[in-house]
Amino acid sequence: MRLFADLVDDAGLFPPTALPMADALRRHRDDLAAGSPVLTHRFLCPASRLAELRAHLEGAGFPAAGSPAGGTGRTDQAERAEPATEPIRLGLILDVPEVPPHDGLDGLDGLTVELVEVPGGRPVALDIPARQFVEVTAAQPPIEPPPGVGLKIRCGGPTAAAFPTPQEMGAFITHCAERGIPFKATAGLHNAVRHFDPALGVDRHGFLNLVLGVCAATEGHDPVPVLTSTDVGELVRLALAVPDGTAERARRLLVSYGSCSTGTPIDDLTALGLIGASPAATGYGTGVAGDGGTAGAAADPTTVTADPTTKRVR
């Protein structure tokens, strides 16, 4: 389903999962072998850990940085799947003062960097062919980045104060939709549907709510109502009713989001019956599944449960 294709970046290095580099790379290699279309199969890595990344690539079954595709690609674990034949694809988190140099163990030489996420609300000069996303907060005055530069927004964090309100999220999404600014999201989007987290005393945003909110904004509607919805069945019906054109425009805006779990998004979408379902083309917001189908026919959406006690940063 186009609405959820290439949606989830692998943020396994980040809290609270915070996998060791070797484990994170092995999980990423397993995800590549499984080939879920929901995953971007892009690995998010802090710039400060590039040397560590290089040291573990071959052991996890990836070609060493700078090796030709299908090079050594050895693995020390005989029971693992066949080694990857293509270099690992990276999203670089710029947690150092400057973009890493091209040479050296902590540099970019031989690495395939597809995007760079930049903190501080200001773009940086890049001399690599990667997309740049500047991190902003939903509550700050909207900014218009230079052409070709997108935005990044955090949808949660370790405290209740880190979660933007639906109104702030809606204003941000509308700002991007009206100006055609692509954006990435991260933090807090662990389950499909919005739910209350008693440990933090806050409502967590759902990634399905976010996707549908972007769909609403691309059609000129207020995204806040769908961002606040906890009606699982209605959200599934809305997802099944998104026309292909709306899905295409929405996903040009919402490029992806980073998740420390690469399994939970797939599990949620599977339980909701949204992966592999034939989307109806009856128009967004009609609440009609179309083609004689019923939303959630592949699974009972009320059985999808969130984990409200889990505190995740990414």
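Small disclaimer: the values here were computed from a predicted structure and weren't measured.

Cut-offs and rules
Residues numbered from 1 in each chain as written. Predicted model: local features only at pLDDT ≥ 70, side-chain atom pairs only at ≥ 80, totals over all residues. Heavy atoms only, no water. Helix = DSSP H or I, 4+ residues; strand = E, 2+ residues; numbered from the N terminus. Expected span 1.5 Å × (residues − 1). Buried < 20%, exposed > 50% of the residue type's maximum accessible area, 1.4 Å probe, protein only. Contact = heavy atoms within 4.5 Å. Phe/Tyr/Trp six-rings, centres within 6.5 Å; stacked < 30°, edge-to-face > 60°. Salt bridge = Lys/Arg side-chain N within 4 Å of Asp/Glu carboxyl O. Pairing = 2+ DSSP bridges. Axes fitted to C-alpha atoms, helices over the stretch in contact; angles between N-to-C directions.

All right, on to helix α3 (residues 166–179) then. Helix length check: α3, at 14 residues, gives a terminal C-alpha distance of 20 Å against a target of 20 Å (1.5 Å per residue), a fit within 8%. Every buried residue of α3 is listed here: Pro166, Met169, Gly170, Phe172, Ile173, His175 and Cys176. Here the buried face of α3 lies against β5 (131–136), β6 (149–154), β7 (183–186), α4 (207–218), α5 (224–228) and α7 (244–253). Where α3 ends, the next residue or the one after it, glycine 180, has phi of about 65°, a positive value.

Considering all chains together, one arrives at two aromatic pairs under this definition. Pairing phenylalanine 207 with tyrosine 257 gives two aromatic rings, centres 5.5 Å apart and planes at 25°, and the pair type is stacked. Taken together, the positions of phenylalanine 207 in helix α4 and tyrosine 257 in strand β10 (residues 254–259) put the pair 50 residues apart, joining distant regions of the chain. With a relative accessible area of 1%, tyrosine 257 lands in the buried category.

We now examine the pattern of salt bridges. One pass over the full model with this rule turns up 18 salt bridges. Residues lysine 152 and glutamate 117 are paired through a salt bridge, measuring 2.6 Å at the closest nitrogen-oxygen approach. Taken together, the residues lysine 152 in strand β6 and glutamate 117 in strand β4 (residues 112–118) connect sequence positions 35 residues apart. A residue is classified by how much of its surface remains accessible, and lysine 152, at 2% relative accessible area, is buried. Given a relative accessible area of 1%, glutamate 117 falls into the buried group. In this structure, a network of salt bridges that share partners links the residues Asp9, Arg42, Arg89, Glu114, Glu117, Glu135, Lys152, Arg154 and Lys184.

Moving on, we come to the sheet that holds β10. With parallel pairing, eight strands are arranged side by side around a closed barrel as β1-β2-β3-β4-β5-β6-β7-β10. For this sheet the average axis-to-axis angle between neighbouring strands, irrespective of direction, equals 30°. Across four bridges, strand β2 (residues 39–46) lies against strand β3 (residues 89–93) in parallel orientation. Bridge assignment links cysteine 45 to a residue of β3, and that residue is leucine 92. Relative to the sheet, α4 contacts β7 and β10, its axis offset from that of β10 by approximately 170°.

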